[in-house]
Structures are given as structure tokens and as C-alpha cells.
Amino acid sequence: MTKEEAKARIAELSDIIDNHNYRYYILAQPTISDYDFDMLMNELLSLEQQFPDLITESSPSQRVGGGITKEFATVRHKYPMLSLSNSYNKEEIIDFISRIKKSIDGPVDFVCELKFDGVSISLTYEKGILRRAVTRGDGSRGDDVTTNIKTIHTIPLRLKGDYPDFFEMRGEIIMPHNSFEKINIEREDLGLPTFANPRNAAAGTIKLQDSKEVANRRLDNYCYYMMMDDMPYKTHYESLMAARRWGFNISEHIALCHDIDEIESFINLWDVKRKALSFDIDGIVIKVNDFAQQEELGYTAKSPRWAIAYKFKAEEAHTKLLSVDFQVGRHGTITPVANLEPVQLAGTTVKRATLHNADFIKQLDLHYDDVVSVEKGGEIIPKITGVDLQCRKDNSIPVSFVSKCPECGTPLVQTEGEAAWYCPNSLGCPPQIKGRIEHFISRKAMNIESLGEGKIEVLFDNHLVNNYADLYDLKYEQLYGLEKVIEIKDEYNLLQEPVLRKVSFKQKTADNILESLQKSKKVPFARVLFALGIKYVGETTAKLIANAEGSVDNIIKASTEELKQIDEVGEKIALSVREFFDDERNIDLVNRLKAAGLQFEQEKRTSTENNILAGKSIVVSGSFTNFSREEIKQLIEDLGGKNVSSISSKTDFVVAGEKMGPEKKKKAEALNIPVLSEEEFIAMTGRKNSMLTLF
Ligand code: IVH
């Protein structure tokens, strides 16, 4: 076959397969057998193997998976991904409807939809091709999971019909019950911890590195909101119907409602019918139908004012409290966990539930042998919501909180204003030591792939590592031959039994560990800073501190006040950073890591052309036309500048958009700090928008 012929046949096969795919997965009306479908797919795969340059990103072969994503890139959302305000009773829904009817002239229609219990996703389509699939993340930035998402058959890779050139579709990735059960059986067989619920399983699956494994797990998707700059439709309902024509999976259970009675009937119907669905929903979403009315109602900082979620009441069960464990976390925090007589709840057996902290136990006035009510309201961890006092025996013993660390015996302390008790013996308490090392090696920190919780435990038990700096002193002879059967703690929830696993260090394991430790010496400074495990310093904060200070030596020298100048660093974080570096033992660890060759300085920018804001401290205030505030800040960082949150004599200039705070304005004037308009900033940087940083 010539290349031209192959190209034509690939196009033809792609159309046929897409069509069958749509009929099978979305319409549930297949017109060919599985065997015939596989034959078509095999023909396509073999042609693409022969002519690899004819493979397109929207080819149906992409659904088979195979692509590996080592690290998911962070992508800024063009439109932020907001959440919905929740309500648990019908009165709040009545209030919501009447509030809206009052503030809008004329009739208002509502759309009632199922609230899918999964993971939200933003799908970007350009000229009918799926370009990017991004998770919600923190609402303004998420992870690019496109390769994995392409394996989901109900997500169109190419659209059909009269679709617009550029738009985003919002939807939910869900795991149907049958896929969930199958995976948990397989995991149990393999001795792996099982997933607590389908939402967790979906969340874990879309972040897998191997897209072939994602394809195996059979996720599903429903879409429920369209976003674009010039929306050609008047109503949300029309836009969903159009999306359905283009190939999206739009639920058939949508109702156009005109008043509260119709809305209430929809809620009541689905509160019962949901039990027969093949996937989880956790409520009903009610949205104003007309886009112009949506616009008029606007948004709060977190959610639209034109929509609300009615959450179904969580299912509840009653059972007996057998005992309480006190677990010690990485930062020494003590979490009480209840061991319960096993009880069936919403399809799973509940054996454990969190008791949060000492105050929670006191509020419940919990006694051993109490009959307690347990709820699973969509949360991962079941919670105890009440005690049946009538069932309490006269001589029962109240649950009291421990006063000493259950792991190392150190008397517990409490930080003023916080409910949690913690063990202060951070450098001598085993779970804290192991937890810190586990964090250090984790993927978003040093990414030492071949080590994990089990191996850390073996190294710790053999006195080979007592802190993360010890990792870099490990020798092959020390590792080779180590072996132990350990208890793998349930990593997803508190529901399941611990699993026993044999950990052994064979030749290859030892080689891999030493190799990935070597590789980790190239991990950039921001991630090393995150890996140190400073309380309250997450991945993003570590990045901001690393960017602002440039090196660990500068951080060590920085005062709390200086640290507080860094964007998003408040009193609590600044004090925690100071406390960490004021401890000589931590300085010793840093020095040892430095000597081992880890990165403790921000990489220098090489191109001066892109570095025009180097050394400048800049405050961004107000709202902008060409950028979002976050985008301007990113641009400043990209160009070598430093974002600071408040104006001081050290500020070089302020970029002011509309509605800049009057206080900031006054302060800038008083200190004689130049204030640049958006236009002036564009002229200075030569960037008209943030497209370069967006994509
Ligand atoms: S609309 C601007 N519709 O619920 C808000 N969300 O708690 C757009 N969800 O993050 C969301 N089903 O992940 C909408 N029919 C539905 C939904 C739905 C599930 C999820 C979504 C969102 C969360 C809000």
C-alpha cells in the first residue's frame, strides 16, 4: 500500500471507528459485533505502525493508551474552575429560587441535572479536536492529563457538525460501579489496598502515569457546562443539546423546570432513582437556564450565583465503638481513630472512622462500647455523627485522649488556638521520622521512584536511615539482601484491613535506589525546599519562596517580616519557616544535603532578553483586561521579577488594573513608588497577553 492509499484508508477507518464508538458508548446502540470492531481497530493500528507519521492526535488508536506521563504539566485555566454552593435542605433551595426570581425581571427558567460524583475536568477543543484535558487543581491551575483522558471512550477526540472553533467543555470523570468493583477485586488479589469509593478510584486513575492502565480501568464521562468567549446560544439547555450533537455525552436526565414544584419533583425522583444508576451521584444541580440572566447574577469568589447543588442526605448506619487508636502523622499530629464493629454502609463495610481530635471526642462525650451513628457523606473517611445515649451502659468508660505519644512516649503538647495535640519529639519519634522521609522521596518532591513506604520502613528498622540526609550515604552492600515482611497501611482511607507484604532488596532494587538518588541531585531547588517537609510549606508555597529568595542561604538569613513579603506567605507560614531553619539540627541536615550535591539555589536564567524584570519587586493590584491577575504574576516571574503582596519602600513598582485598592494607592503615593497601568506594563514587557505562558 502506498502512503497516499494508507492515508485515505486511515481517514476512512477513523471515521468508521469513531461512529461505532459513539453508537456503542454514548447511544448504547451498537451495530457491529465486538469482533468486527476489533478487526477494524487492528487494521488501523497496523497501518499506523507501518506509517507512524500518519498518526494524528485525534486518531481512535489514541484510546488504546500506551503513552506515559512522567510528570503532569501544570496548566492555567482560561476560565477558572469554580465550585457550587451546596445545600442539604429544600428550604435553602426555595430561598435560592425566590432570591433569583426577585433579582431578575421577567420569567426565569431552571435546568435540573444530576450531580455526578467524580472528578471535574476541563476539555479544550480547537477546530473540533480535543487539545487538552486539565483537572480542576486549585481552580485556577490544574494538571494536564490529556493522554489519560483520551482513553475514555465517551470523550470525543474529534467533533462532528457545526461546532465553534474554540471552546471549553466542563464535565465529570466518573468510575461506574462495575469498573470500580472489578478493580478492587484485582487489587485485593494483588495484595494492594483497595479504593474506598468510585470517586477516589477515578481521581487516582486519571493521575496514573501509564495511560494503558487508565484505558484498562474503564472510566466514563458526562459533560455539563460549555464555556467560550462569544457564546452563540441563548441558554444553557440549548448549549448542552448542541454539545450532544457534536458527540459529547450529555446525560438524558436533564429537566427544564419553571418553578419550585417542578424542581422539587426532580429532586425527589432522583433521591430514589439514584440507587438504580450504574454510577454514583451525590445530589442535583440547579442552574439558571438563560446565559444573559446567569451573567446578570454573576459570581462570588468561589461559585456562581446562578447555580446551587442540592446534596442528598448521606447514608447512615449504627454500630458499636470497640476501641480507639491514636495515630501519629508526619508533623507529629495525633489523630484518634475509632475501631468499630464492622457495618455495611453505602455498599462498603465500615470498620474504622476518624474522630478528628480531642475536642471532637469531648463534644460527643464518647464512651467505649457506645452505639454510634456513622455517615459517609461522599467524604473519603466515614465519620461518627452521634452517640445513642439510650444504649449506653451505666458502667461504661469514657474515651480519654492520650497524654503521651503512643509511639515514643513523649508528653504531648498543644499549640495555642489549635484543637490538635502533637508529639514534639519530631526528630526522635519513628512515624514522624519515617513520614518525613516518605515525603522527601515522594513524586512531587525528590521523586525517588524505587523507594517507597515499605522500603523506608526496612531501612529505618535496620538503622540505615534516621533522616533524609542519611539516604545519600547509603551503599550497595548495605542495601543488597535486606528483607522484611511489613504491614502496608491503608493509604486511601480508614476502611480497609492492613495488608502484609514482603519487601526485599534484590540486586536490581539496590541499583535502582542508588541510581534514583543520584538522579535526584538534579531536582530543582523549589522541589528540594518542598521536600524538606517544613510545616505549612506545600508545593506552591515552596515555589514562591524559592523564586523570591533564590537560595536556601537567603531563606536562612530572611526575617519573618521579609518572608511575609512573599506572595501567599502569611504569619503562620513565615513563622514555620523560621522555626525550621532556627533549629541547628535542620541546618545540619541541609548542610549534609548540600555536600551530597542537591540543588539549594534557583537555577540562573540564561537569556537576558527574557529577564527584563530581574531583581524587581513588583506589586500587582486590581483587575485587568488582557490578563487575569494570576497571569500577570506568572509573566512577572517568567521575566525574572519577584511578586510581593504589599507595598513597601523596597517595592520597585506597582502594576495597577481597574479597581486598585485605595489603601494601596495611598501607600504607593506616600512612598513615591511608580504605578504602571496595564497598557504601560504591556509596553514595558512587550507582551499583549499571557498566551505564551498559558500554553
Ligand atoms: S456545574 C460553575 N453541573 O460538582 C460551576 N457541576 O461542587 C460549574 N458536578 O466542580 C459546575 N455534576 O465537578 C455542574 N451537573 C453538574 C455537575 C457538576 C457534578 C461537580 C463539578 C463541580 C462540583 C461542584
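Residues numbered from 1 in each chain as written. Predicted model: local features only at pLDDT ≥ 70, side-chain atom pairs only at ≥ 80, totals over all residues. Heavy atoms only, no water.

## Brief notes about the site of the ligand
With respect to spatial proximity, the complete set of residues near the ligand consists of Leu-82, Leu-84, Glu-113, Leu-114, Lys-115, Phe-116, Ser-120, Glu-172, Tyr-224, Val-285, Lys-287 and Pro-304. The backbone of Leu-114 places a nitrogen or oxygen atom 3.0 Å from a nitrogen atom of the ligand. One of the side-chain N or O atoms of Glu-172 is found 2.6 Å from an oxygen atom in the ligand. In the complex, the protein chains occlude 89% of the 530 Å² of accessible area that the ligand would expose alone. Sorting the residues of the shell around the ligand by element identifies strand E3 (110-116) and strand E10 (281-288) as the ones contributing at least two each. Per element, the largest residue contribution to the shell around the ligand is 4 residues, and it comes from E3. (Near = heavy atom within 4 Å. Polar contact = N/O pair within 3.5 Å; in protein donor to acceptor, adjacent residues only side chain to side chain. Areas by Shrake-Rupley, 256 points an atom, 1.4 Å probe, with all protein chains shown as cover. Helix = DSSP H or I, 4+ residues; strand = E, 2+ residues; numbered from the N terminus.)

## Side note on the sheet that holds E10
Read from one edge of the open sheet, 5 strands run E2-E11-E10-E3-E9, paired in mixed fashion. Every other strand in the sheet has two partners, leaving strand E2 (86-87) and strand E9 (255-257) as the edge strands with one partner each. Alignment of E2 against strand E11 (residues 307-311), held across 2 bridges, turns out to be parallel. Note on E11: the bridge partner recorded for Asn-86 is Ala-309. In this fold helix H8 (residues 236-246) packs onto E3, E9 and E10, with an angle of close to 55° to the strand it touches most, E3. (Pairing = 2+ DSSP bridges. Contact = heavy atoms within 4.5 Å. Axes fitted to C-alpha atoms, helices over the stretch in contact; angles between N-to-C directions.)

## So, the confidence of the model for the protein chain
The predicted coordinates should not be examined in detail at positions where pLDDT is low. When the pLDDT values of the protein chain are averaged, the result is 89; 94% of them are 70 or greater. Counting interchain partners and residues more than four positions distant, the pLDDT-below-50 stretch residues 490-496 has 28 contacts. Segment residues 690-695: pLDDT under 50, and 12 contacts once partners within four positions in sequence are set aside and those in other chains are kept. (pLDDT = per-residue confidence, 0-100.)

## Some points on the pairing of E11
Consecutive residues of a regular strand have side chains that alternate between opposite faces of the sheet. Within E11, 5 of the 5 residues are buried, which leaves it mostly tucked inside the rest of the structure. Judged by which residues are buried, E11 turns out to be covered on both faces: Ala-307, Ala-309 and Lys-311 on one side and Ile-308 and Tyr-310 on the other are all buried. In this sheet, E11 lies alongside E10 in antiparallel orientation, the contact comprising 5 bridges. Bridging from a neighbouring strand, Lys-287 pairs with Ala-307 of E11. (Buried < 20%, exposed > 50% of the residue type's maximum accessible area, 1.4 Å probe, protein only.)

## Considering the nonpolar core
Formed by 73 residues in total, the largest nonpolar core has its most connected members in Leu-123, Ile-149, Met-169, Phe-248 and Ile-286. Tallying contributions element by element places strand E8 (residues 220-227) first for this core, with 6 residues. Judged by nonpolar contacts, the second largest core, of 59 residues, contains Ile-437, Tyr-468, Leu-474 and Val-590. (Core = buried A, V, L, I, M, F, W, Y, C linked by side-chain atoms within 4.5 Å.)

## Some thoughts on the pairing of E8
Most of E8 sits out of view: 8 of its 8 residues are buried. By the bridge criterion, 7 bridges tie strand E7 (residues 166-174) to E8 in an arrangement that is antiparallel. Note that in E8 the partner of Glu-172 across the bridge is Tyr-222.

## Re unusual backbone geometry
Backbone geometry places His-356, a non-glycine residue, at a positive phi of 60°. Of note, His-356 is situated in the loop between strand E14 (348-354) and helix H11 (358-364). Its relative accessible area of 37% is what places His-356 among the partly exposed residues. Unlike most non-glycine residues, Asn-672 shows phi in positive territory, near 60°.

## Brief notes about the sheet that holds strand E22 (residues 642-643)
With respect to topology, 4 strands assemble into an open sheet ordered E22-E21-E23-E24, the strand pairing being parallel. Strands at the two margins of the open sheet, each flanked by one partner only, are E22 and strand E24 (675-677). Two strands pair when backbone bridges link them, and strand E21 (residues 617-621) and strand E23 (residues 653-656) are joined in this way by 4 bridges, in the parallel orientation. By the bridge assignment for E23, Val-619 is matched with Val-654. Strands E21, E22 and E23 of the sheet are contacted by helix H22 (residues 629-638), whose axis makes an angle of about 170° with E21.

## A word on the side chain of Glu-457
In this structure, Glu-457 sits in helix H13 (residues 453-461). Not counting residues within four places of it along the chain, the set of residues in contact with Glu-457 comprises Lys-434, Lys-484 and Ile-486.

## What to know about H13
One full turn of an α-helix is made of 3.6 residues, so residues set three or four places apart face in the same direction. Listed in full, the buried residues belonging to H13 are Gly-454, Ile-456, Glu-457, Val-458, Leu-459 and Phe-460. Following H13 by one or two positions, His-463 adopts a phi angle in the positive range, close to 55°.

## Focus on the packing of aromatic side chains
Aromatic ring pairs are reported here in terms of the distance separating the ring centres and the angle at which the planes meet. Counted according to the given criterion, the structure contains 22 aromatic pairs. Aromatic pair Phe-116 and Tyr-222: ring centres 4.7 Å apart, planes at 5°, arrangement stacked. Here Phe-116 is found in strand E3, whereas its partner Tyr-222 is found in strand E8, with 106 residues between them in sequence. Comparing Phe-116 with Tyr-222 shows no difference in burial state: the two are buried. Aromatic side chains Tyr-222 and Phe-279 sit 5.3 Å apart centroid to centroid with 45° between the ring planes, which places their arrangement in the tilted category. (Phe/Tyr/Trp six-rings, centres within 6.5 Å; stacked < 30°, edge-to-face > 60°.)

## A short note on the environment of Ile-267
Positionally, Ile-267 belongs in helix H9 (residues 260-273). For Ile-267 and Phe-312, which are 45 residues apart along the polypeptide, the C-alpha to C-alpha distance reads 8.8 Å. Apart from residues lying up to four places away in sequence, Ile-267 is in contact with Lys-90, Ile-284, Ile-286, Tyr-310 and Phe-312.

## A look at the side chain of Arg-352
Counting through the fold element by element, Arg-352 comes out in strand E14. Side-chain polar atoms of Arg-352 contact the side chain of Asp-325, separated by 2.9 Å. Side-chain polar atoms of Arg-352 contact the side chain of Asn-339, separated by 2.7 Å.

## Let's talk about the pattern of salt bridges
Evaluation of the coordinates by the stated rule reveals 33 salt bridges. Salt-bridge contacts for Glu-168 lead to Arg-170; the nearest nitrogen and oxygen are separated by 2.8 Å. With relative accessibility at 4%, the residue Glu-168 sits in the buried group. A salt bridge links Asp-553 to Lys-594; the nearest nitrogen and oxygen atoms lie 2.8 Å apart. Of this pair, Asp-553 sits in helix H18 (residues 552-557) while Lys-594 sits in helix H21 (residues 584-596), and the two are 41 residues apart along the sequence. The exposure class assigned to Lys-594 is partly exposed, which follows from its relative accessible area of 32%. Here the salt bridges share partners, and the residues they tie into one network are Arg-9, Glu-12 and Glu-43. (Salt bridge = Lys/Arg side-chain N within 4 Å of Asp/Glu carboxyl O.)

## Structural notes on empty space enclosed by the protein
Under the counting rule described, the total for this entry stands at 2 cavities of 30 Å³ or more. Taken as a whole, the second largest cavity spans an internal volume of roughly 50 Å³. Lining the second largest cavity are Glu-113, Leu-114, Phe-116, Cys-223, Tyr-224, Leu-240, Ser-251, His-253 and Ile-254. Looking at the lining of the second largest cavity, the elements with two or more residues in it are E3 and E8. Broken down by element, the lining of the second largest cavity gets its largest block of residues, 3 residues, from E3. Tallied by class, the residues present in the lining of the second largest cavity amount to 6 nonpolar, 2 polar and 1 charged. (1 Å grid on protein atoms, 1.4 Å probe; cavity = no way out; pocket = protein on both sides within 12 Å on 5 of 7 lines; lining within 4 Å. Points joined across faces, edges and corners; volume = space filled by probe spheres on them. Nonpolar A, V, L, I, M, F, W, Y, C, P; charged D, E, K, R; others polar.)

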